[in-house]
Amino acid sequence: MPKNAIPKTREEKRRRRHLRVRKTISGSAERPRLVVFRSLKHMSVQIVDDVQGRTLFTVTDMGLDGKKSEKSLQVGKLVAERAKAAGITRVVFDRAGYQYHGRVKAVADGAREGGLEF
């Protein structure tokens, strides 16, 4: 999609929202970015250090049991557990243009329950 084109599809609109948010937030070594990706069937969460330009680790809901929202809550708890093991306690939450609602909110709640501070 050209830079000035009017977004037509849901994905183009979400992508534009994500870029608009990404202008203001970025992750660092002290406070990395927690990025959520939501597909129709699965959730994926990454912890990213934008200064170095690298993904520290990724957690997905593959292999977890339950409904989609329950799996999302478990993903949030798992990412918090792995972050604490890596010495990360504070993150910047990046919802990637998705509404803070449903499964995205469940990931955030799970991460907070696991001990991450936003």
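Thresholds, definitions, all that
- Residues numbered from 1 in each chain as written.
- Predicted model: local features only at pLDDT ≥ 70, side-chain atom pairs only at ≥ 80, totals over all residues.
- Heavy atoms only, no water.
- 1 Å grid on protein atoms, 1.4 Å probe; cavity = no way out; pocket = protein on both sides within 12 Å on 5 of 7 lines; lining within 4 Å.
- Points joined across faces, edges and corners; volume = space filled by probe spheres on them.
- Helix = DSSP H or I, 4+ residues; strand = E, 2+ residues; numbered from the N terminus.
- Nonpolar A, V, L, I, M, F, W, Y, C, P; charged D, E, K, R; others polar.
- Buried < 20%, exposed > 50% of the residue type's maximum accessible area, 1.4 Å probe, protein only.
- Pairing = 2+ DSSP bridges.

Participant: Which residues make up the layout of surface pockets, and what values go with them?
Facilitator: The computed volume of the largest pocket comes to approximately 410 Å³. What lines the largest pocket is a set of 16 residues, and nearest its centre among them are Arg10, Arg14, Arg17, Arg38 and Tyr98. Of all the secondary structure elements, the ones that give two or more residues to the lining of the largest pocket are α1 (10–22), β1 (33–38) and α3 (103–113). A breakdown of the residues in the lining of the largest pocket according to their chemical character gives 4 nonpolar, 5 polar and 7 charged.

Participant: Residue-level account of the pairing of strand β2 (residues 43–49), with values.
Facilitator: Counting buried residues in β2 gives 6 out of 7 residues, a clear majority hidden from the surface. In this sheet, β2 lies alongside β1 in antiparallel orientation, the contact comprising 6 bridges. Looking at β2, one finds that valine 36 is bridged to valine 45. Here β1 folds back onto β2, and the loop between the two strands holds 4 residues.

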